[in-house]
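Overview (structure and organization)
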Amino acid sequence: MDLARSIARGLAGTGGPAKRRRPAGSRRGRPRRTDPSASGAHPDDRDPQLLDHTIGRLIADQGWGTDVRVHGVFSRWEHLVGREVAQHCRPESFTPGDRADGGGTLVIRTDSTAWATQMKLLAPTVLTRLNDELGDGTVTLIDVLGPHVPSWKKGLRSVKGGRGPRDTYG
(Lines give C-alpha, C1' and ligand atoms only; values in the text may rest on other atoms or scores of the structure.)
Protein backbone atom coordinates (compact mmCIF):
# COMPACT_ATOMS: atom_id res chain seq x y z
CA MET A 1 0.00 0.00 0.00
CA ASP A 2 2.80 2.41 0.81
CA LEU A 3 4.37 1.65 -2.53
CA ALA A 4 1.12 2.52 -4.34
CA ARG A 5 0.84 5.82 -2.43
CA SER A 6 4.39 6.86 -3.27
CA ILE A 7 3.81 6.09 -6.96
CA ALA A 8 0.56 8.12 -6.89
CA ARG A 9 2.35 11.06 -5.24
CA GLY A 10 5.10 10.86 -7.82
CA LEU A 11 2.62 10.92 -10.70
CA ALA A 12 0.69 13.83 -9.18
CA GLY A 13 3.89 15.89 -8.98
CA THR A 14 4.75 15.37 -12.70
CA GLY A 15 1.57 17.07 -14.00
CA GLY A 16 -0.37 13.98 -15.00
CA PRO A 17 -4.03 14.04 -16.00
CA ALA A 18 -5.22 14.92 -12.49
CA LYS A 19 -3.37 18.25 -12.42
CA ARG A 20 -3.94 20.90 -15.14
CA ARG A 21 -1.30 23.54 -15.71
CA ARG A 22 -1.44 26.81 -17.60
CA PRO A 23 0.69 27.05 -20.74
CA ALA A 24 4.11 28.55 -20.24
CA GLY A 25 4.17 32.29 -20.81
CA SER A 26 0.47 32.88 -20.10
CA ARG A 27 -0.53 35.05 -17.19
CA ARG A 28 -3.93 35.68 -15.72
CA GLY A 29 -5.47 38.99 -16.75
CA ARG A 30 -2.77 39.85 -19.31
CA PRO A 31 -2.94 39.09 -23.04
CA ARG A 32 -0.55 36.50 -24.36
CA ARG A 33 2.31 37.79 -26.50
CA THR A 34 2.31 36.41 -30.01
CA ASP A 35 5.39 35.49 -31.96
CA PRO A 36 5.61 37.81 -35.01
CA SER A 37 7.35 35.11 -37.07
CA ALA A 38 4.52 32.60 -36.52
CA SER A 39 1.52 32.47 -38.80
CA GLY A 40 -1.92 32.95 -37.32
CA ALA A 41 -5.28 31.42 -38.08
CA HIS A 42 -5.83 33.56 -41.17
CA PRO A 43 -3.75 33.38 -44.37
CA ASP A 44 -0.97 35.91 -44.88
CA ASP A 45 2.12 36.33 -47.08
CA ARG A 46 4.12 33.78 -45.10
CA ASP A 47 1.71 30.94 -45.83
CA PRO A 48 2.24 28.64 -48.81
CA GLN A 49 0.91 30.23 -51.99
CA LEU A 50 -0.32 28.74 -55.24
CA LEU A 51 2.37 28.58 -57.90
CA ASP A 52 0.22 30.45 -60.42
CA HIS A 53 -0.20 33.41 -58.03
CA THR A 54 3.48 33.45 -57.07
CA ILE A 55 4.77 33.33 -60.65
CA GLY A 56 2.24 35.98 -61.71
CA ARG A 57 3.46 38.28 -58.94
CA LEU A 58 7.11 37.64 -59.91
CA ILE A 59 6.41 38.45 -63.58
CA ALA A 60 4.59 41.65 -62.63
CA ASP A 61 7.31 42.74 -60.18
CA GLN A 62 10.10 42.19 -62.72
CA GLY A 63 8.22 43.79 -65.62
CA TRP A 64 8.32 40.66 -67.77
CA GLY A 65 4.63 40.73 -68.75
CA THR A 66 5.11 41.62 -72.42
CA ASP A 67 7.98 39.17 -72.92
CA VAL A 68 6.00 36.29 -71.42
CA ARG A 69 2.95 37.07 -73.56
CA VAL A 70 5.07 37.32 -76.73
CA HIS A 71 6.84 34.01 -76.07
CA GLY A 72 3.44 32.47 -75.41
CA VAL A 73 2.56 33.52 -78.95
CA PHE A 74 5.69 31.71 -80.17
CA SER A 75 4.33 28.47 -78.72
CA ARG A 76 0.87 29.03 -80.28
CA TRP A 77 2.22 30.19 -83.64
CA GLU A 78 0.44 27.50 -85.67
CA HIS A 79 -2.89 28.39 -84.08
CA LEU A 80 -2.46 32.09 -84.90
CA VAL A 81 -1.27 31.94 -88.51
CA GLY A 82 -2.58 28.60 -89.69
CA ARG A 83 -0.97 25.25 -90.35
CA GLU A 84 0.34 25.88 -93.87
CA VAL A 85 1.98 29.21 -93.03
CA ALA A 86 3.46 27.80 -89.80
CA GLN A 87 5.13 24.97 -91.74
CA HIS A 88 7.14 27.51 -93.77
CA CYS A 89 7.45 30.54 -91.44
CA ARG A 90 8.41 30.70 -87.78
CA PRO A 91 8.97 33.56 -85.32
CA GLU A 92 12.64 33.99 -84.54
CA SER A 93 12.86 36.87 -82.05
CA PHE A 94 11.03 39.79 -80.53
CA THR A 95 12.65 43.10 -79.69
CA PRO A 96 10.54 45.35 -77.47
CA GLY A 97 10.27 48.97 -78.54
CA ASP A 98 11.07 52.10 -76.60
CA ARG A 99 8.70 53.28 -73.91
CA ALA A 100 7.67 56.23 -76.11
CA ASP A 101 6.24 54.27 -79.07
CA GLY A 102 5.41 51.14 -77.07
CA GLY A 103 5.61 48.70 -79.96
CA GLY A 104 8.23 46.14 -80.75
CA THR A 105 9.62 44.28 -83.74
CA LEU A 106 8.88 40.63 -84.43
CA VAL A 107 11.40 38.85 -86.69
CA ILE A 108 10.00 35.99 -88.78
CA ARG A 109 12.25 33.51 -90.64
CA THR A 110 10.95 31.71 -93.73
CA ASP A 111 12.28 28.58 -95.43
CA SER A 112 12.22 30.02 -98.99
CA THR A 113 12.25 33.37 -100.72
CA ALA A 114 8.78 32.66 -102.12
CA TRP A 115 7.41 32.29 -98.59
CA ALA A 116 9.27 35.45 -97.56
CA THR A 117 7.36 37.34 -100.25
CA GLN A 118 4.09 35.68 -99.20
CA MET A 119 4.72 36.53 -95.55
CA LYS A 120 5.39 40.17 -96.41
CA LEU A 121 1.97 40.24 -98.05
CA LEU A 122 0.37 38.58 -95.00
CA ALA A 123 2.18 40.82 -92.48
CA PRO A 124 -0.69 43.31 -91.90
CA THR A 125 -3.12 40.46 -91.17
CA VAL A 126 -0.66 38.71 -88.84
CA LEU A 127 0.09 42.02 -87.12
CA THR A 128 -3.62 42.54 -86.43
CA ARG A 129 -3.97 39.02 -84.98
CA LEU A 130 -0.88 39.46 -82.80
CA ASN A 131 -2.11 42.77 -81.40
CA ASP A 132 -5.51 41.20 -80.70
CA GLU A 133 -3.76 38.47 -78.67
CA LEU A 134 -1.11 40.61 -76.96
CA GLY A 135 -2.79 43.93 -76.57
CA ASP A 136 -3.01 46.83 -78.99
CA GLY A 137 0.36 48.25 -80.04
CA THR A 138 2.57 45.49 -78.60
CA VAL A 139 3.96 44.62 -82.04
CA THR A 140 4.31 47.49 -84.51
CA LEU A 141 6.66 45.97 -87.09
CA ILE A 142 7.10 42.52 -88.59
CA ASP A 143 10.52 41.96 -90.14
CA VAL A 144 10.48 39.04 -92.59
CA LEU A 145 13.78 37.29 -93.33
CA GLY A 146 14.44 34.70 -96.01
CA PRO A 147 16.22 31.40 -95.47
CA HIS A 148 19.79 31.14 -94.26
CA VAL A 149 21.96 30.82 -97.35
CA PRO A 150 25.59 29.80 -97.65
CA SER A 151 28.14 32.58 -97.87
CA TRP A 152 30.11 32.78 -101.10
CA LYS A 153 32.63 35.19 -99.56
CA LYS A 154 34.82 32.45 -98.06
CA GLY A 155 36.77 29.57 -99.52
CA LEU A 156 39.68 28.80 -101.86
CA ARG A 157 38.25 30.40 -104.96
CA SER A 158 36.82 33.57 -103.48
CA VAL A 159 37.97 36.94 -104.74
CA LYS A 160 38.63 39.68 -102.21
CA GLY A 161 36.25 42.55 -102.86
CA GLY A 162 34.35 40.47 -105.44
CA ARG A 163 30.58 40.57 -105.70
CA GLY A 164 30.18 36.83 -105.36
CA PRO A 165 28.00 34.71 -107.63
CA ARG A 166 25.15 36.45 -109.34
CA ASP A 167 22.92 35.16 -112.08
CA THR A 168 25.83 33.63 -114.01
CA TYR A 169 24.74 30.00 -114.14
CA GLY A 170 22.37 30.29 -117.08
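The residue numbering used here restarts from 1 in each chain and proceeds along that chain's sequence as written. Side-chain atom pairs in this predicted model are given and counted only at pLDDT of 80 or more, local residue features only at pLDDT of at least 70, and totals for whole chains, interfaces and linings cover all residues. The side-chain figures draw on all heavy atoms in the structure; neither hydrogens nor water molecules are used.

Focus: the overall build of the protein
Comment: elements are numbered from the N terminus, with helices defined as DSSP H or I runs of at least four residues and strands as E runs of at least two. Looking only at helices and strands, the protein features six helices and three strands. Order of helices (α) and strands (β) in the protein, N terminus to C terminus: α-α-α-α-α-β-β-α-β. Here the term buried applies to any residue with accessible area under 20% of the maximum for its type, exposed to any over 50%, and partly exposed to those in between, with areas from a 1.4 Å probe on protein chains only. Every one of the 170 residues in the protein was classed for burial, and the buried ones make up 18%. Note on definitions: a residue-residue contact is assigned when non-hydrogen atoms from the two residues lie within 4.5 Å. Considering only intrachain contacts with a sequence separation of at least 6, the fraction spanning at least 24 residues in the protein is 50%. Note on areas: Shrake-Rupley, 1.4 Å probe, and residue coverage restricted to the protein chains presented here. Carbon together with sulfur atoms contributes 54% to the accessible area of the protein, which is approximately 13900 Å² in total.

Some details on the pairing of strand β3 (residues 139–145)
Pairing between two strands requires that DSSP report at least two bridges joining them. Looking at chain direction, strand β2 (residues 104–110) and β3 are connected through six bridges and run parallel. For Leu 106, the partnering residue across the bridge sits in β3 and is Ile 142. Handedness of the β-α-β unit built from β2, helix α6 (residues 113–134) and β3 comes out right-handed. The crossover handedness rule: strands pointing away from the viewer, path from first strand over the helix to second strand clockwise, crossover right-handed.

Quick word on the sheet that holds strand β1 (residues 89–95)
Read from one edge to the other, the open sheet built from three strands follows the order β1-β2-β3, with strand pairing classed as mixed. Where the open sheet ends on each side, the last strands, each with one partner, are β1 and β3. Each strand of the sheet is rotated relative to its neighbour by a mean of 25 degrees, with strand direction disregarded. Of the strand pairs in this sheet, β1 and β2 are connected by six bridges, and their pairing is antiparallel. Bridged to Arg 90 within β2 is Arg 109. The sheet contacts of helix α3 (residues 65–75) involve β1 and β2, and relative to β1 the element is tilted by about 170 degrees. Across the sheet, α6 touches β1, β2 and β3, and the angle it forms with β3 is around 155 degrees. With axes taken as lines fitted to C-alpha atoms, and helix axes fitted only over the stretch in contact, angles between N-to-C directions fall between 0 and 180 degrees.

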